[in-house]
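# Architecture at a glance
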Amino acid sequence: MALLLLPLLCACSADASGAPGSAARSGAAPGRSPVHRLDDSKTLELPLDAYLLTTPDLETLSKGRDALVQRCLAAIGAPSAPAPRGGVKIGTNERRYGLADAELARAHGYHLPDGDQPVEDYPPAAIALIRGEVATYNGKPVPEGGCAGEAQRELHDTEMQRALSPVQQLDMESYVKSQKDPAVMEVSEKWSKCMNESGHRYPDPIAAINDQEFSSGAPGDHEKAVALADVLCKRKVNLIGVWSDAESAYQRSLIKSKSGILAEPLLAKQKTMAIAEAAVR
């Protein structure tokens, strides 16, 4: 399914084609560093990432949660259950500005590789214990909310999600503001002209990746052609470099002006991640 993915509380990863561009510099707006060249957003980092859950964070959190669930099952005498298989992993900011991987464009268009494969859950025999659908097991009490509920409490997951909510709002705010940044609007126009030269009419990269024509079914030749042209035009005009620099500037400004509300989310994230990391040791 073709989707624009923002790094709020989700993430994933794909095959790289083209490493990040060199640090060649061009002119910059007053108060900003010179714009750098960036052809691939796979490893792109933004200032607010430190206060949010990145792809590596989510992977660690998932492993920690599974370890705590297994510990809970063992405590009530239940057999261990294979951990669920997750979906396709995408880098934290990999598709923040649309598709940027030429290999993926050629092979999958805007679709995620293997994105139609179902995400596997715990085996049915363990689900009742993990979800807390039964009160006891072999005479032993099942924790409230099941082993999943107990793991969630041990991780202080609910508190962390609540603490991260303001940062998620800032993250979205910076994205929306960056869309309207003069430099971003200018480079988007250049991208649109480049696409038009290839026979594809889109006002901006987000319109391309969110085209409803590509929202279902297997990617066809037309979708792959559009996706590849999209990526190549991004590289031609340095859209990823310009946009990420503009948004980074907005985020640095937000971090400075909102420092009073960022301490709690950071501490909450660090607390939960430390518990998750300890659980898998």
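Refer to the structure above for everything that follows.
Described below are features of the structure shown in this document. (Residues numbered from 1 in each chain as written. Predicted model: local features only at pLDDT ≥ 70, side-chain atom pairs only at ≥ 80, totals over all residues. Heavy atoms only, no water.)

Attention now goes to the nonpolar core. Counting residues in hydrophobic clusters, the biggest one holds 33 residues, and the most contacted among them are Tyr97, Tyr110, Trp191 and Leu239. Residue contributions to this core peak at seven residues, all from helix α8 (residues 221-237). Dropping the residues within four chain positions of it, Tyr97 is found in contact with Leu44, Leu46, Tyr175, Pro205, Ile206, Lys234, Leu239, Ile240, Trp243, Ser244 and Glu247. By size, the runner-up hydrophobic cluster in this structure holds 23 residues, among which are Ile127, Val142, Cys147 and Leu155. (Core = buried A, V, L, I, M, F, W, Y, C linked by side-chain atoms within 4.5 Å. Buried < 20%, exposed > 50% of the residue type's maximum accessible area, 1.4 Å probe, protein only. Helix = DSSP H or I, 4+ residues; strand = E, 2+ residues; numbered from the N terminus. Contact = heavy atoms within 4.5 Å.)

A word on helix α10 (residues 259-279). Every α-helix carries 3.6 residues per turn, so stepping three or four residues along brings you back to the same face. The end-to-end C-alpha distance of α10, which contains 21 residues, comes to 31 Å, matching closely the 30 Å that a straight helix rising 1.5 Å per residue would cover. Looking only at α10, the buried set comprises Leu262, Pro265, Ala268, Lys269, Thr272, Met273, Ala276 and Ala279. Viewed along the axis of α10, the buried residues span an arc of 135°, placing them on a single side of the element. Among the exposed residues of α10, those pointing more than 90 degrees away from its buried face are Gly260, Glu264 and Leu267. Among the structural elements, α1 (55-75), α4 (146-155), α5 (157-179) and α9 (239-257) are those in contact with the buried residues of α10. (Expected span 1.5 Å × (residues − 1). Arc of directions from axis to C-beta.)

Turning to the pattern of salt bridges, a few remarks are in order. Close approach of charged atoms lets side chains of opposite charge pair. Considering all chains together, one arrives at 13 salt bridges under this definition. A salt bridge links Arg37 to Asp39; the shortest N-O distance between them is 3.1 Å. Looking at Asp39, the relative accessible area reads 19%, which means it is buried. Note that Glu94 is salt-bridged to Lys42, the shortest N-O span being 3.6 Å. Taken together, the residues Glu94 in the loop between α1 and α2 (102-108) and Lys42 in the segment before α1 connect sequence positions 52 residues apart. In this structure, Glu94 and Lys42 share a single accessibility class: buried. (Salt bridge = Lys/Arg side-chain N within 4 Å of Asp/Glu carboxyl O.)

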